[in-house]
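Here are the chains, one letter per residue:
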Amino acid sequence: MKFGVVVNEGPYTHQASDSAYQFTKAALAKGHEITRVFFYHDGVNNGTRLTVPPQDDRNIQKNWTELGKEHDLDLVVCIAAAQRRGILDENEAKRQGKDADNIAEGFRISGLGQLIEAGIMSDRLVTFGD
Amino acid sequence: MSILHTVNKSPFQKDDLKSCLAHANEGDAVLMIEDGVYGAIAGTAASQDISNAKAGVYVLGADLAARGIAQDKVAEGISVVGYDGFVDLATEHSAVNSWL
Amino acid sequence: MQEETIKKFMYMNRKAPYGTIYALEALEVVLIGAAFDQDVSLAFLDDGVFQLVEGQDTDGIGVKNFSPAFRALGDYDVTKLFVEKESLEERGLSPDDLMELVWEDEDDDWAEKPSIRIVTRDELKSILGDQDVILSF
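Thresholds applied
Residues numbered from 1 in each chain as written. Chains lettered and ligands numbered in written order. Predicted model: local features only at pLDDT ≥ 70, side-chain atom pairs only at ≥ 80, totals over all residues. Heavy atoms only, no water. Contact = heavy atoms within 4.5 Å. Buried area = accessible area lost by both parts, 1.4 Å probe. Salt bridge = Lys/Arg side-chain N within 4 Å of Asp/Glu carboxyl O. Polar contact = N/O pair within 3.5 Å; in protein donor to acceptor, adjacent residues only side chain to side chain. Helix = DSSP H or I, 4+ residues; strand = E, 2+ residues; numbered from the N terminus. Pairing = 2+ DSSP bridges. Axes fitted to C-alpha atoms, helices over the stretch in contact; angles between N-to-C directions. Patch = residues over 30% accessible without salt bridge, like charges linked within 9 Å, V, L, I, M, F, W, Y side chains within 5 Å. Areas by Shrake-Rupley, 256 points an atom, 1.4 Å probe, with all protein chains shown as cover. Lys, Arg positive; Asp, Glu negative; His and termini not counted. Charge placed at Lys NZ, Arg CZ, Asp CG, Glu CD. Buried < 20%, exposed > 50% of the residue type's maximum accessible area, 1.4 Å probe, protein only. Parallel < 35°, antiparallel > 145°, perpendicular 65-115°, else oblique. Nonpolar A, V, L, I, M, F, W, Y, C, P; charged D, E, K, R; others polar.

*Asks:* So what's going on with the interface of chain B and chain A? Which residues, and what values?
*Replies:* Every contact between the two is made by 19 residues of chain B and, on the other side, 21 residues of chain A. The largest share of the area that chain B buries against chain A comes from Glu-34, Tyr-83 and Val-87 of chain B, three residues that together contribute 34% of it. Joining chain B to chain A, the criterion identifies 1 salt bridge. Between Asp-88 of chain B and Lys-30 of chain A there is a salt bridge, and its shortest N-O distance comes to 3.1 Å. Joining chain B to chain A, the criterion identifies 10 residue pairs in polar contact (both at pLDDT 80 or more). Elements represented by at least two residues in the side of chain B that touches chain A include exactly helix H4 (83–92) and strand S5 (95–99) of chain B.

This is the structure in structure tokens:
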């Protein structure tokens, strides 16, 4: 079965991203397909490579990047939400005249249409948030 | 058609569980996750709403354990599931409604 | 992706505006999603009904008033806004307290019709049970 996953909260403050990660892993382990993981609202903050959590804690961004690499996941950060919160890739940084970008490996920035498309493409859309 | 509902807030702080249960149809499933698992404890102010529920009620074991809630504290009629059970519930129902 | 796939999309609106960004960013999804030609409905229940209250004035809080965007929904063919009667009553509201939102029915000589449909909790319950995709924010 095809699952789309939506993450609406940032890392660490709220459990949403951790829950989404565990769910995604469990779905993959059962042989399901993950069509896309879409990060919206503060969820876009999962996609910055600049976080430095304590060594004895999990690194949520890295967890997603590694799971993404292992299973070829489409990790999409919403552009409208990302712009508000300062999550940029190289192109966006250039376009907006900013001096840096911070998108993490394996994530890409794209439009809200990708969320609707995930709903259309997937048999189930599962949302994690506050 | 039936729905898997998820609730992630404590029923002692927010009304999400109450609202979810009031909108769940017979044949639906309600899964408590994150802080929602506090709603699964037996003999609380939330217990009556749950025992009246027409939907099947489930709780995520990993979130119970994380919060120090032993499984024998879980109210009768609520099934404890793992993340794999969460995935199965999502496949068994035709859509998922997260009560955020 | 099969282009002919038409799914029933339901947007759940359960949060009040301004205190958090969820209501605004949910509306942004609805507006973008309208381009996808799906069967779209919005549910307003619990504190979500506050999003539709007439007379919002955000000048004093320095936040953009996004409520006028609800009036544009009809032009995007988003014409089914289900508002739960019990949620209104619990909050001391009546349908008269809500914005007047309309859409033009091209099959009926462009007659203006109300987009807001007041439904009971039981009616909403069965509407929710009939959806393919439920988006929550």
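*Asks:* Go over the sheet that holds strand S2 (residues 33–39) of chain A with me, naming the residues and quoting the values.
*Replies:* Residue and element names in this part refer to chain A. Spatial strand order, S4-S3-S2-S1-S5: 5 strands in an open sheet with parallel pairing. Where the open sheet ends on each side, the last strands, each with one partner, are strand S4 (107–110) and strand S5 (124–128). Shown here is a sheet whose adjacent strand axes are inclined to one another by a mean of 25°, direction ignored. In this sheet, strand S3 (residues 75–78) lies alongside S2 in parallel orientation, the contact comprising 3 bridges. Directly across from Val-37, in S3, lies its bridge partner Leu-75. Contacting strand S1 (2–7), S2 and S5, helix H1 (residues 16–29) crosses the sheet at an angle of about 170° to S1. Across the sheet, helix H5 (residues 113–121) lies against S1, S2, S3, S4 and S5, angled at about 155° from S2, the strand it touches most.

*Asks:* Give a detailed account of a negative patch on the surface, specifying residues and quantitative values.
*Replies:* Residues and elements named next belong to chain C. Residues Asp-37, Asp-75, Asp-77, Glu-100, Glu-104, Glu-106, Asp-107 and Glu-112 make up a contiguous surface patch of negative charge. Among the secondary structure elements, Asp-75 is positioned in the loop between helix H2 (69–72) and strand S3 (81–84). Since its relative accessible area comes to 68%, Asp-75 is described here as exposed.

*Asks:* Describe the sheet that holds strand S2 (residues 39–44) of chain C, and please don't skip the residues or the numbers.
*Replies:* Residues and elements named next belong to chain C. Sheet architecture is open: 5 strands sit in the order S6-S3-S2-S1-S7, paired in parallel fashion. For this open sheet the edge positions go to strand S6 (116–119) and strand S7 (133–136), each flanked by a neighbour on one side alone. Taking the axes of each pair of neighbouring strands and ignoring which way they run, one obtains an average angle of 25° across the sheet. Pairing geometry for strand S1 (residues 8–13) and S7, over 4 bridges, is parallel. Within the sheet, the bridge partner assigned to Phe-9 lies in S7 and is Val-133.

*Asks:* Just give me the short version of the packing of H1 of chain A against H4 of chain B, but keep the residues and values in it.
*Replies:* Contact pair H1 of chain A / H4 of chain B: the axes reach a minimum separation of 8 Å and the direction vectors enclose 75°. Here H1 of chain A lies roughly perpendicular to H4 of chain B, going by the angle between them. Residue-level contacts link Ser-19, Gln-22, Phe-23, Ala-26 and Ala-27 of chain A of H1 of chain A to Tyr-83, Asp-84, Phe-86, Val-87 and Ala-90 of chain B of H4 of chain B. Its residues assigned to classes, the contact of H1 of chain A with H4 of chain B comprises 7 nonpolar, 2 polar and 1 charged.

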